[in-house]
Structures are given as C-alpha cells and as structure tokens.
Amino acid sequence: LLMTHASIGMGGPTERGNHSMMHHRQLLMNLHSIHTDDPTLSQAAADAVLNGTGHKYRIQTSRERQQRWLVNQRHAKRVIKGLELLGADAEESFWLKWARYMHERSSGWKRRSLGETITMLLMPSIIVGLYF
C-alpha cells in the first residue's frame, strides 16, 4: 500500500482505461503491450538496435498492476537496465532506439503507442518514477 501511494505521489493518479496518460506505469504497460503483440519482431528490433555495440538484451516484460508493486518494480528494474545499457544519455538509450526502430515499422495502435513511449522515455519525471 505504501508503494502504491508513493507511485501516485510521484506520478499522480491514473485512470483505469485511459491508456494515453503520461505516467511511469503507463510506460511499463506500453512496453509490455508492444512486446507481447509480436515478441519475435520486438526482440529482432532489439537485436538490430544493438548490432555492433557488443551488447545483448533480452526483452522480458510484465503486465503493469496498480496494486502489485513487486511485479511493477521487477519490470521497472529490467527497463532501467535497458535505459543504462548504452550509457547515461537519454537520447542514446537502448529503449529509445528500440522504440524509434519499431515506430518506423509499425502502424495503427502500435505506432501511436510507440509515439507515446518515445515521448515518455524523454521525460525525466517518467524515468525517475521507474525507481519507485
């Protein structure tokens, strides 16, 4: 319960069913929805983005749950690892490169969700929220 209140205090309250909110938990949900829609394509995009860098990253996501902070925190920890994989510069993060790569090759809801994901990945308040 304490972690739920900390998350709400950090990112504000969320509205059930409103998938266009700019919130750190929405970032987790976007990443999960995009990846689980086509995990093979998602992992291929990750491999393409990391090609030649000497790094590997296996995408593993979890469905976001407002009351299940442990599941969310484990997912956030994996996202943070990806954010830090290529260095501290947000513009050069693995997740941002992955989202841009996927955005160029997507349409419909997935393209819209990837656009929102790119925006959230560039928002310091969203990234800080992942640490909660």
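Values in this document were obtained by computation on a predicted structure and should not be read as measured data. (Residues numbered from 1 in each chain as written. Predicted model: local features only at pLDDT ≥ 70, side-chain atom pairs only at ≥ 80, totals over all residues. Heavy atoms only, no water.)

### Focus on the overall build of the protein
Here is step 1: For the protein, the count of helices and strands is seven helices and zero strands.
Here is step 2: Listing every helix and strand of the protein by position from the N terminus yields α-α-α-α-α-α-α.
Here is step 3: The buried share of the protein, taken over its 132 residues, is 42%.
Here is step 4: Contacts in the protein between residues at least 24 apart in sequence constitute 62% of all its contacts with a sequence separation of at least 6. (Helix = DSSP H or I, 4+ residues; strand = E, 2+ residues; numbered from the N terminus. Buried < 20%, exposed > 50% of the residue type's maximum accessible area, 1.4 Å probe, protein only. Contact = heavy atoms within 4.5 Å.)

### What to know about the packing of aromatic side chains
Here is step 1: This structure, assessed with the given rule, holds four aromatic pairs.
Here is step 2: Judged by centre distance (4.8 Å) and plane angle (45°), the rings of tyrosine 57 and phenylalanine 94 are tilted. Within this pair, whereas tyrosine 57 is found in the loop between α3 (39-50) and α4 (69-84), its partner phenylalanine 94 is found in helix α5 (residues 94-104), the two being separated by 37 residues in sequence.
Here is step 3: Judged by its relative accessible area of 0%, phenylalanine 94 is buried.
Here is step 4: With 5.2 Å between their ring centres and 85° between their planes, tryptophan 95 and tryptophan 98 make a pair best called edge-to-face. Taken as a pair, tryptophan 95 and tryptophan 98 lie in helix α5 at a separation of three residues, close to a single helical turn. Accessibility assignment for this pair places tryptophan 95 and tryptophan 98 in one class, buried. (Phe/Tyr/Trp six-rings, centres within 6.5 Å; stacked < 30°, edge-to-face > 60°.)

### As for helix α6 (residues 108-121)
Here is step 1: Compared with the 20 Å implied by 1.5 Å per residue over 14 residues, the 20 Å span of α6 between its first and last C-alpha is a close match.
Here is step 2: Within the sequence span of α6, burial applies to Lys110, Ser113, Leu114, Glu116, Thr117, Ile118, Met120 and Leu121. (Expected span 1.5 Å × (residues − 1).)

### Focus: the packing of α5 against α6
Describing two packed helices takes the angle between their axes plus the distance from one axis to the other.
Here is step 1: Contact pair α5 / α6: the axes reach a minimum separation of 9 Å and the direction vectors enclose 155°. Looking at the two axes, α5 sits roughly antiparallel to α6. Here α5 runs over α6; the crossing is left-handed. The segment α5 lies against α6, with Trp95, Leu96, Trp98, Ala99, Arg100, Met102, His103 and Glu104 engaging Arg111, Leu114, Gly115, Thr117, Ile118 and Leu121. (Axes fitted to C-alpha atoms, helices over the stretch in contact; angles between N-to-C directions. Parallel < 35°, antiparallel > 145°, perpendicular 65-115°, else oblique. Left-handed = near helix turned anticlockwise from the far one by under 90°.)

### Re the environment of serine 62
Here is step 1: With respect to the helices and strands, serine 62 occurs in the loop between α3 and α4.
Here is step 2: Distance in space between the C-alpha atoms of serine 62 and threonine 36 is 9.4 Å, their sequence separation being 26 residues.
Here is step 3: In this structure serine 62 touches Leu28, His32, Val71, His75 and Arg78, once residues within four positions along its chain are discounted.
Here is step 4: Within polar-contact distance, the side chain of serine 62 engages the side chain of arginine 78 at 2.8 Å. (Polar contact = N/O pair within 3.5 Å; in protein donor to acceptor, adjacent residues only side chain to side chain.)

### Things to note about the pattern of salt bridges
Note that side chains of opposite charge can pair when their charged atoms are close.
Here is step 1: Throughout the structure, instances matching the rule amount to five salt bridges.
Here is step 2: Residue glutamate 92 is joined to lysine 97 by a salt bridge in which the shortest nitrogen-to-oxygen separation is 3.0 Å.
Here is step 3: Between glutamate 104 and arginine 105 there is a salt bridge; the shortest N-O distance is 3.3 Å.
Here is step 4: You can call glutamate 104 exposed: its relative accessible area is 61%. (Salt bridge = Lys/Arg side-chain N within 4 Å of Asp/Glu carboxyl O.)

### Description of the packing of α3 against α5
Here is step 1: Contact geometry for α3 and α5: axes closest at 9 Å, N-to-C directions at 120°. Our classification of the angle between α3 and α5 gives oblique. For the pair α3 and α5, the crossing hand works out as right-handed. Counted together, Leu41, Ser42, Ala45, Ala46, Ala48, Val49 and Leu50 of α3 and Phe94, Lys97, Trp98, Tyr101 and Met102 of α5 form the full contact between these two elements.
Here is step 2: Considering only residue class, the contact of α3 with α5 consists of ten nonpolar, one polar and one charged. (Nonpolar A, V, L, I, M, F, W, Y, C, P; charged D, E, K, R; others polar.)

Everything listed is a geometric property; what it means functionally is a separate question.
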